[in-house]
Amino acid sequence: MADISNRKLIVEVCNAKNLMPKDGQGTASTYAIVDFDGQRRRTKTIFRDLNPRWDEKLEFSVLDAESLAAKTLELNLYNDKKTTGKRSTFLGKVKINGTSFSTSETTDLVYYPLEKRSVFSQIKGEIGLKVWLEEDKIPQPPEEQKSSEAAPPPPPAAAEEKQPEKEENRANEEKKEVEKSGEENKPPEDSKTEEPPAPAVVQAEEEKAVVARKCPTLGSSESEPRYHGGGGGGDRRRRSAYDLVDRMSFLFVRVVKFKQSKPEPNSLAHAKLVIGTHSIKTKSKAENKEWDQVFAFEKEGLNSASLEVSVWIDKKKGATDDNSTESSNMGNVTFDLTEVPKRVPPDSPLAPQWYTLDGKDSQGNDVMLAVWIGTQADEAFQEAWQSDSGGFIPETRAKVYLSPKLWYLRLTVIQTQDLQLGSGATEPKFKNPELYVRAQLGAQLFKTSRAMVDSSSFSSNPTWNEDLIFVAAEPFEPFLVVTVEDVTNGRALGHAKIHVASVDRRTDDTSEVRSRWFNLVGDENKPYGGRIHVRVCLEGGYHVLDEAAHVTSDMRATAKQLAKAPIGLLEVGIRGATNLLPVKTKDGTRGTTDAYVVAKYGPKWVRTRTILDRFNPQWNEQYAWDVYDPCTVLTIGVFNNVRYKHDEAGKQEKDARIGKLRVKLSTLDVNRVYTDSYSLTVLLPGGAKKMGEIEIALRFTCSSWLSLIQAYASPMLPRMHYVCPLGLAQQDILRHAAMRIVTARLARSEPALGHEVVQFMLDSDTHVWSMRRSKSNWFRIVSCLSKAAAFAKWLDEIRGWVHPPITVMVHVLLAAIVFFPHLVLSTMFMYAFLIIGLRFRHRQRVSLHMDSRLSYIDAVGSDELDEEFDGFPSTRSPDQVRIRYDRLRALAGRAQMLLGDVAAQGERLEALFNWKDPRATGIFVVVCLLASLVFYVVPFKAFVLGSGFYYLRHPRFRDDMPPVTINFFRRLPSSSHQIL
């Protein structure tokens, strides 16, 4: 009898320490799975213990001793799903190289720290193992030695065939569970060891069959590198639609339809997708079992290395009258995420394929689907179910909105005829009734002035010739209602309806608009109330202002005939935000933020998808706008989404403000990419609060430098604004009417863009009184005048001979100007060219964040901020309103004194020429006569040079008292003494 030596690897799993709790109750029910050379073993489960002890020995066959050093032993710890009712969760792993295996059973116990599967894993603790090699000699009869030499070698898992069939079945089941379990976002690079083959030869054959049904590997699953737009000198053909943002990898699953071998009538079918802890169902379909739905899973958020797609049939329970159903599994198909192909546009869409379902009742059942890894640039992304934005919730998806096309509607009320001022003897007649015309378009209502009618005359034809201007939005309101009302009698004499869609349109002031007569419809007693003569037209030559003047993003005329070609392209990459503060509470336990971004330029509004429950959301969305004027403003706002949660009571909450940025396009360099993080600051009743930071990428490209330069010489508004200008008060009224129309139209979109969002972006509250804004504007004026004050201070230092060498140089410069006056202008412009040109290198970079110092936030009181947030009319207590009114009176008193002083200076100058003070005017006349004689004799150059030297004389030759001219001017009379 001869002996055959068979090597074994013995792994003794002793215990673990300080594991991460994973069952939601502060503990973990742990078991270990050990893989080596295609063989898998499992320990028992230790329930609810963060320091479990197994003391189990696991045996593995060493098939090839020569390649033992190149092999790896891997141990994975999991929390048992039976205790949580969910899938098994990952607790950590250990990898041991074959070169570190001991050859003695007396090896020491070694504690290995548990490793993470990815950087996003939450793993801690260590596990104690003993690993050694031993040889087992198997005796063999002599008569079998010859046959064994000719026979093929025994199967690798011969020792494992001694184990019961239950062990093999249990290993298979555990293997499938582990493939679906884990919490990690993406598998490691050596993912082949993450899913080893089964220990037995039969299991290996089955696994080959499963792999054969999967998609072939067409590319790596690694995420795309970051792309940054280059300068203007780069090749534009290399730019893509997402070159200003990072490419985000998504796993796309398109489930098309299901084919059943034995169709069941009156049954519904739905597909279920499971990736680790992610689970989503398709819609239930009855006819043809077709879904054609696309699902997009963020690759960084995945916590498993496999995708399982299963099909379920929903059947009604028995013959009951209720709608209860029961679901039966028709089979499933599994995909290894490391073998999923990658697709990047402009590649054609991946064609779906038929896959045979695995399961006991899955014979002949197929499902058609396609699985690929793409980016947010994929055309299927916008309409797909998105894992980071809550799925198919309409209020969380990215959308593009367009403001309605706005027109000015001009109604010219000329006159009325045949008005029925009295109905007979029963109605009192007034001697001179007053009439006015009221016109209403939607919610806008305007009135003419009052016209007095002489009732003694036979004709009642009052004339107004007044213009009433409305804001009309396409599609137009059906009718413009014109009503003639009698103020004295307190009743309407009649009304007429004008169909807005049939109104004439014009683009300039030269186009003639025909006037029209309309019959006035009275009440039931008087169906005919007269007629009215009006002229109505839609003004297409104006630009309807719907934004505050300082944040205007579009200045084009309404009419298409006046449209101009764009001069450039504005591209905005909304990358992400960091360190956002919690805005609301989730489940009443912790703070959370569901952030989205709104950007507005011209009539185009863009809204990113809402990233749910993240303080560092990553949108990586890119948008583009055509630019028609470089002196326009891009507005970007960040909000917290609460509209996607529908309240059962029907009460709709408002989206909270997180912050806002503005970009003046004229401050951007052409063909340059600006990528930076900017702070988000929001003003609250308690003061300013920094809510986080947002990362934005900007690029303004210009198609023609000549058009860009010409834009600076052209008027900002269309021609009609200068030929037929609108008053400032009228412009303000029409602007707010346009804001209300835009807000109402966007709120009617699906999903709606909330009115609080639109008003915040349009700055609709700039006309409301604010002590903070008043102080800010005042100090802005002071800052501008500080330059003149600095020049006056410098000139006073020159006069005071503080720096004698500089004063001497000024004397020389004055002499040069006097003797060479033709060089004055050229020298001035050359000096400006050199100074301003040298400042280009030290120019201020573009700043997008709101300036808290310029906004005067830090130096304003809490009561002043509360006053700014108070509505109109005020909702505060009478005492608080009285205090604020007194403060406003004190401020207005100082402004009143300042205005009086300015008016007094002008009145003194006027009094000098009107002989209000005969002696002062007489003195001035005599001085003028003497000055004319002196200047007739003295050359002008000598006068300028002498006056300059006299002004710059040394302080020892100067008196401390004010000069004679100032004393004389201050003594002139003003009208201040005549005011009551």
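Since the model is a prediction, treat every value here as computed from it, not as a measurement. Per chain, residue numbering runs from 1 following the sequence as it is written. With the structure being a predicted model, the display of local features is reserved for residues of pLDDT at least 70 and the display and counting of side-chain atom pairs for 80 or more, all residues being used for whole-chain, interface and lining totals. Calculated side-chain values reflect all of the structure's heavy atoms, with hydrogen atoms and water omitted.

Peer 1: Help me understand the packing of helix α12 (residues 878-914) against helix α13 (residues 918-937), please; the structure alone is not making it clear to me.
Peer 2: The description of two helices packed together rests on the angle between their axes and the distance between the axes. Every angle, taken between N-to-C directions, lies between 0 and 180 degrees, and every axis is a line fitted to C-alpha atoms, over only the stretch in contact when it is a helix. Numbered from the N terminus, helices here are DSSP runs of H or I no shorter than four residues, and strands are runs of E no shorter than two. It is the contact of α12 with α13, at a shortest axis distance of 8 Å, that shows an interaxial angle of 75°. Here α12 lies roughly perpendicular to α13, going by the angle between them. Together, A911, L912 and F913 of α12 and A920, T921 and F924 of α13 make up the contact between the two elements. Each residue receives one of three labels: charged for Asp, Glu, Lys and Arg, nonpolar for Ala, Val, Leu, Ile, Met, Phe, Trp, Tyr, Cys and Pro, and polar for the others, Gly being one of them. Its residues placed into classes, the contact of α12 with α13 shows five nonpolar, one polar and no charged. Angles are sorted into four bins: roughly parallel if under 35 degrees, roughly antiparallel if over 145, roughly perpendicular if 65 to 115, and oblique for all others. Working rule for contacts: check all heavy atoms of both residues, and any pair within 4.5 Å makes them a contact.

Peer 1: Would you mind showing me how to read the pairing of strand β33 (residues 604-607) here?
Peer 2: Every regular strand shows the same layout, with side chains that alternate between the two sheet faces. When DSSP finds two or more bridges between a pair of strands, those strands are recorded as paired. Pairing of strand β18 (residues 399-402) with β33, which is carried by four bridges, proceeds in the antiparallel orientation. Counted as the bridge partner of Y401 is W605 from β33. Strand direction decides the pairing type here: strand β32 (residues 595-601) and β33, joined by four bridges, are antiparallel. Each bridged residue has a counterpart across the sheet, and for Y601 the counterpart in β33 is K604.

Peer 1: Honestly, helix α8 (residues 771-799) in this entry has me stumped. Any pointers?
Peer 2: Multiplying one less than the number of residues by 1.5 Å gives the expected span of a helix. With 29 residues, α8 extends 40 Å from end C-alpha to end C-alpha; this agrees with the ideal 42 Å at 1.5 Å per step. Each residue is assigned to one of three classes by its accessible area relative to the maximum for its type, calculated with a 1.4 Å probe on protein chains only: buried under 20%, partly exposed between the two thresholds, exposed over 50%. Within α8, the full set of buried residues consists of M771, R772, S776, I798 and R799. Of the surrounding elements, those touching the buried residues of α8 are β37 (673-684), α9 (804-819), α11 (862-869), α12 and α14 (940-951). Looking at the residues trailing α8, positive phi occurs at W801, about 55°.

Peer 1: What exactly am I supposed to notice about the pattern of salt bridges here?
Peer 2: Opposite charge on two side chains lets them pair, provided their charged atoms get close. Salt bridge, as used here: a side-chain nitrogen of Lys or Arg that lies within 4 Å of a carboxyl oxygen of Asp or Glu. A complete count under the given rule lists 37 salt bridges for this structure. Two residues, D594 and K584, come together in a salt bridge whose shortest N-O distance is 2.7 Å. Here K584 lies in strand β30 (residues 584-586) and D594 lies in the loop between β31 (590-592) and β32, a separation of 10 residues in the sequence. We classify D594 as buried; its relative accessible area is 2%. For K584, a relative accessible area of 16% puts it in the buried group. Between D763 and R662 there is a salt bridge; the shortest N-O distance is 2.1 Å. Of this pair, D763 sits in the loop between α7 (755-762) and α8 while R662 sits in strand β36 (residues 656-664), and the two are 101 residues apart along the sequence. Across this residue pair, the class does not change: D763 and R662 are buried. Here the residues in one salt-bridge network are R410, D467, R506 and E539, joined through shared partners.

Peer 1: Is there a simple way to think about the packing of aromatic side chains in this case?
Peer 2: Two descriptors summarise a pair of aromatic rings, namely the distance from one centre to the other and the angle between the planes of the rings. Aromatic pairs are defined between Phe, Tyr and Trp rings, using the six-membered ring for Trp, whenever the two ring centres lie within 6.5 Å; interplanar angles under 30 degrees are classed as stacked, those over 60 as edge-to-face, and all others as tilted. Counted under the stated rule, the structure contains 19 aromatic pairs. Considering the side-chain rings of F913 and F924, the 6.0 Å spacing of their centres and the 80° angle between planes classify their relative orientation as edge-to-face. You can see F913 sitting in helix α12 and its partner F924 sitting in helix α13, a full 11 residues away along the chain. The class of F913 is exposed, set by a relative accessible area of 52%. Of the residues examined, F924 reaches a relative accessible area of 27% and is grouped as partly exposed.

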